[in-house]
Structure formats: structure tokens, C-alpha cells
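Architecture at a glance
One letter stands for each residue in the lines below.
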Amino acid sequence: IYKVDFEKPGGLMMPIIVELTYADGTKERKKYPAQIWMKNEAKVSRVFASAQEIKSIVVDPDLETADIDTSNNSWPKKKDSKFDKFKSKVKG
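Right, let's talk about the overall build of the chain for a bit. Helices and strands together make up the secondary structure of the chain, namely one helix and six strands. What you see in the chain, going N to C, is helices and strands ordered as β-β-β-β-β-β-α. Expressed as lengths along the three principal axes of its C-alpha atoms, the size of the chain is roughly 45 × 35 × 20 Å. Counting all 92 residues of the chain, 25% fall into the buried class. Long-range pairs, those at least 24 residues apart, make up 59% of the contacts in the chain between residues at least 6 apart in sequence. Accessible surface computed for the chain: about 7100 Å², of which carbon and sulfur atoms make up 55%.

The subject of this paragraph is the sheet that holds strand β6 (residues 74-75). An order of β3-β2-β5-β6 is seen for the four strands of this open sheet, with the pairing classed as antiparallel. Across the chains shown, the open sheet's two edge strands, defined by having one partner strand only, are β3 (27-32) and β6. By the bridge criterion, six bridges tie strand β2 (residues 16-22) to β3 in an arrangement that is antiparallel. Note on β3: the bridge partner recorded for Ile16 is Tyr32.

Moving on: the pattern of salt bridges. By the definition in use, this model includes seven salt bridges. Two residues, Glu53 and Lys55, come together in a salt bridge whose shortest N-O distance is 3.5 Å. A relative accessible area of 43% means that Glu53 is categorised as partly exposed. Judged by relative accessible area, which is 44%, Lys55 ranks as partly exposed. Among the charged side chains, a network of salt bridges with common partners joins Glu19, Lys27, Arg29 and Asp62.

Rules used in this analysis
Residues numbered from 1 in each chain as written. Predicted model: local features only at pLDDT ≥ 70, side-chain atom pairs only at ≥ 80, totals over all residues. Heavy atoms only, no water. Helix = DSSP H or I, 4+ residues; strand = E, 2+ residues; numbered from the N terminus. Buried < 20%, exposed > 50% of the residue type's maximum accessible area, 1.4 Å probe, protein only. Contact = heavy atoms within 4.5 Å. Areas by Shrake-Rupley, 256 points an atom, 1.4 Å probe, with all protein chains shown as cover. Pairing = 2+ DSSP bridges. Salt bridge = Lys/Arg side-chain N within 4 Å of Asp/Glu carboxyl O.

Following this line, the structure appears as C-alpha cells:
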């Protein structure tokens, strides 16, 4: 059983699209409509029950929503690539 908290720091109510990757390599997508934010505009939680171990969780895997900060969309956290490090230096 995995409990995941989703936070919405901005003002836009967007759907939540989650891709779960299991230990055997299979993937499953869960979609929650924007109405999920109606009870609490700042934070919602979902529980994922599975007989298999979940190896990774990615929010919005196809970049379909208006998420400005995608650095916090995966668990475990993805390591920055060399390009990301270069881009942050150039950006200033």
C-alpha cells in the first residue's frame, strides 16, 4: 500500500495523471479529473494498493498539464542530466 500526497501550489485546477511502474516492468495509468481539488485546493492524497512492488511513480508522464515545475513529478527523484546542469548555468 502506497500513499501519495499531491500538492497544487498554483491557482489552476488541473487533472492528475499518474503512471505507476511495477517491479515486473508493467505500467499502469491512473487519471483523476480536476474536480479532485474541490475538497482541498492545496493538497490531495491517493492510496495505491498493489500486490506488486511499485518501482516508480511519475505525475503527468506525457506533459499534458500546465505544470511549470516538472522537477518534482517523479519518485524516486530523477537525477539531473548534464544538459540540465549546463542549462541552469546558462540561465543565470
